[in-house]
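Chain by chain, the residues run as shown.
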Amino acid sequence: MDISVIIPLYNEDESLTELTAWIEKVMEEHHFSYEIIMVDDGSKDRSWEIIRQLAAKNPCIRAIKFRRNYGKSAALHCGFHAAQGDAVITMDADMQDSPDEIPALYKMITEEDYDMVSGWKKKRYDPLSKTIPTKLFNATARKFSGIKLHDFNCGLKAYKQKVVKSIEVYGEMHRYIPILAKEAGFGRIGEKVVQHRARKYGVTKFGGWNRFINGVLDLLSVTFITRFAKKPMHLFGTLGTLLFLVGFLAIAWIAVNKYLCLVHGVKAPLITDTPYFFIALTGMILGTQLFLAGFVAELVSRSAVDRNVYQIEQEI
């Protein structure tokens, strides 16, 4: 099979019929063998009913319905698990991503040998309340990751099948799939300017500044996970050891200073009368706690369980 198109969706009943017809038209024009995997993330509208009708007409449509809303990352993870195409393409269901981009993305994956291609909506139709936080978020992500992408969170992306089978997307990590792919050893990450269409149906499901704040927190999380998930002791142990040594050396200096005063007959204050003693002692305690935290985290990482927990209610 040439292409798997994965569409995570939540309350998008107005756009599904038109979007599906558009994808089918593109696939037929370019003679692709394909599948469309729709993952209904617990929609409360008529989305699943419409998906059932579409699947009855087109055997290339596969559909999965979650029992409740688990988030886009869980939907993508489930879609990645089900995908069978040589190239896997993800797009949002709100009609802001154009299926006409699919052939060019497929070519970049199969002929230009990119592991992953991320869309870049260079010209956007979103309000400033959304575009400004998006620009700040992308600048922060570029700085932290070293990956030169303009739009990390663009829903329109293409992957080799082996990439989506090798990464684990959970929580809110769908924003950082390029980082996860890079850490998994897939370094050929490309970018393509894609059309951003004005929203035709419904309203956005995400707030601008909330997404920026949550995005930065998730970026710190994914940075830690990709670098230290399998070796947390390297981070906590190093910080704890350094903090303990600084505290220990500070207390040693206070003790030596007290001893020299006694040797020379100089009246010296009690060690406990100086605030430096308590600061140094606190540093030693915190250092010990960080070291123990690293030890416990190391034990947990050795027995980690699957973090993608979702319940599928129906499947077509």
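The structure under discussion appears in the preceding block.
Note that the structure is predicted; figures quoted are calculated from it, not measured.

Definitions and cut-offs
- Residues numbered from 1 in each chain as written.
- Predicted model: local features only at pLDDT ≥ 70, side-chain atom pairs only at ≥ 80, totals over all residues.
- Heavy atoms only, no water.
- Phe/Tyr/Trp six-rings, centres within 6.5 Å; stacked < 30°, edge-to-face > 60°.
- Helix = DSSP H or I, 4+ residues; strand = E, 2+ residues; numbered from the N terminus.
- Buried < 20%, exposed > 50% of the residue type's maximum accessible area, 1.4 Å probe, protein only.
- Core = buried A, V, L, I, M, F, W, Y, C linked by side-chain atoms within 4.5 Å.
- Pairing = 2+ DSSP bridges.
- Right-handed = clockwise from strand over helix to strand, strands pointing away.
- Axes fitted to C-alpha atoms, helices over the stretch in contact; angles between N-to-C directions.
- Contact = heavy atoms within 4.5 Å.
- Salt bridge = Lys/Arg side-chain N within 4 Å of Asp/Glu carboxyl O.
- Polar contact = N/O pair within 3.5 Å; in protein donor to acceptor, adjacent residues only side chain to side chain.
- Expected span 1.5 Å × (residues − 1).
- Left-handed = near helix turned anticlockwise from the far one by under 90°.
- Nonpolar A, V, L, I, M, F, W, Y, C, P; charged D, E, K, R; others polar.

**Side note on the packing of aromatic side chains**
Logical step 1: Per the counting criterion, the structure on display carries five aromatic pairs.
Logical step 2: Pairing F244 with F248 gives two aromatic rings, centres 6.5 Å apart and planes at 10°, and the pair type is stacked. Of the two residues, F244 and F248 are both situated in helix α9 (residues 232-263); the distance of four residues between them amounts to about one turn of the helix.
Logical step 3: On the accessibility criterion, F244 (32% relative accessible area) is partly exposed.

**Concerning the nonpolar core**
Logical step 1: Grouped together as the largest cluster of nonpolar side chains are 36 residues, with contacts concentrated most on I3, V5, I7, I23, M27, M91 and I102.
Logical step 2: Mapped by element, the contributors of at least two residues to this core are β1 (3-9), α1 (16-29), β2 (34-40), α2 (47-57), β3 (61-66), β4 (87-90) and α4 (102-110).
Logical step 3: It is α1 that provides the largest number of residues to this core, a total of six residues.

**Considerations on the environment of A139**
Logical step 1: With respect to the helices and strands, A139 occurs in helix α5 (residues 128-145).
Logical step 2: A139 sits 11 residues away from H150 along the chain, and the two C-alpha atoms are 7.8 Å apart.

**A closer look at the pairing of β3**
Logical step 1: Burial of β3 is extensive: five of the six residues sit out of reach of the surface.
Logical step 2: Relative to β3, β2 runs parallel, the two being bridged by five bridges. The residue bridging I36 from the neighbouring strand is I61, located in β3.
Logical step 3: Handedness of the β-α-β unit built from β2, α2 and β3 comes out right-handed.
Logical step 4: Bridging between β3 and strand β8 (residues 312-315) involves three bridges; their strand directions are antiparallel. The residue of β8 that forms the bridge with I64 is E315.

**Examining unusual backbone geometry**
Logical step 1: In this structure, N11 is a non-glycine residue whose phi angle is positive, near 55°.
Logical step 2: By secondary structure assignment, the location of N11 is in the loop between β1 and α1.
Logical step 3: Residues other than glycine seldom take positive phi values, yet M95 does so here, at roughly 70°.
Logical step 4: Counting through the fold element by element, M95 comes out in the loop between β4 and α4.

**So, the sheet that holds strand β7 (residues 189-193)**
Sheets are built from strands paired through backbone hydrogen bonds, the pairs being either parallel or antiparallel.
Logical step 1: Pairing is mixed in the open sheet, where eight strands are placed in the order β7-β5-β6-β4-β1-β2-β3-β8. Here the strands that pair on one side only, and so sit at the sheet edges, are β7 and β8. Pairs of neighbouring strands in the sheet enclose a mean axial angle of 20°, with direction left out of account.
Logical step 2: Packing against the sheet, α2 makes contact with β1, β2, β3 and β8, and its axis sits at approximately 160° to β3.

**Points about the pattern of salt bridges**
Logical step 1: On inspection of all chains with the given rule, the structure shows nine salt bridges.
Logical step 2: Across the salt bridge formed by E49 and R46, the nearest N and O atoms sit 3.3 Å from each other.
Logical step 3: Classification of R46 as partly exposed rests on a relative accessible area of 42%.
Logical step 4: Residue K72 pairs with D92 through a salt bridge whose shortest N-O separation is 2.9 Å. With K72 in helix α3 (residues 72-82) and D92 in the loop between β4 and α4, this residue pair connects regions lying 20 residues apart in the sequence.

**Digging into the environment of D94**
Logical step 1: Within the secondary structure, D94 sits in the loop between β4 and α4.
Logical step 2: Side-chain polar atoms of D94 contact the backbone nitrogen of Q96, separated by 3.1 Å.

**Observations regarding α9**
Logical step 1: Taking 1.5 Å of rise per residue, 32 residues should cover 46 Å, and α9 covers 46 Å from first to last C-alpha, within 8% of that figure.
Logical step 2: The complete set of buried residues in α9 reads P232, M233, G237, G240, G247, I254, K258 and C261.
Logical step 3: Looking one or two places after α9, you find G265, whose phi comes out positive at around 70°.

**What about α3?**
Logical step 1: Of all the 11 residues making up α3, 10 are buried; the element is thus mostly covered by neighbouring parts of the structure.
Logical step 2: Turning to α3, its buried residues number three or more, namely K72, S73, A74, A75, L76, H77, C78, G79, F80 and A82.

**Looking at the packing of α1 against α2**
Logical step 1: Orientation of α1 relative to α2, taken along the N-to-C sense of each, is 35°, at an axis distance of 10 Å. Considering how the two elements wind past one another, α1 and α2 form a crossing that is right-handed. On α2, the residues that touch L16, T17 and T20 of α1 are S47, I50, I51 and L54.
Logical step 2: By residue class, the composition of the contact of α1 with α2 is four nonpolar, three polar and no charged.

**Focus: the side chain of K72**
Logical step 1: Looking at K72, its side chain comes within polar contact range of the side chain of D92, at 2.9 Å.
Logical step 2: Once you skip the residues sitting within four places of it in the chain, K72 turns out to touch P8, D41, D92, G155 and H174.

Worth remembering: the numbers are spatial, not functional.
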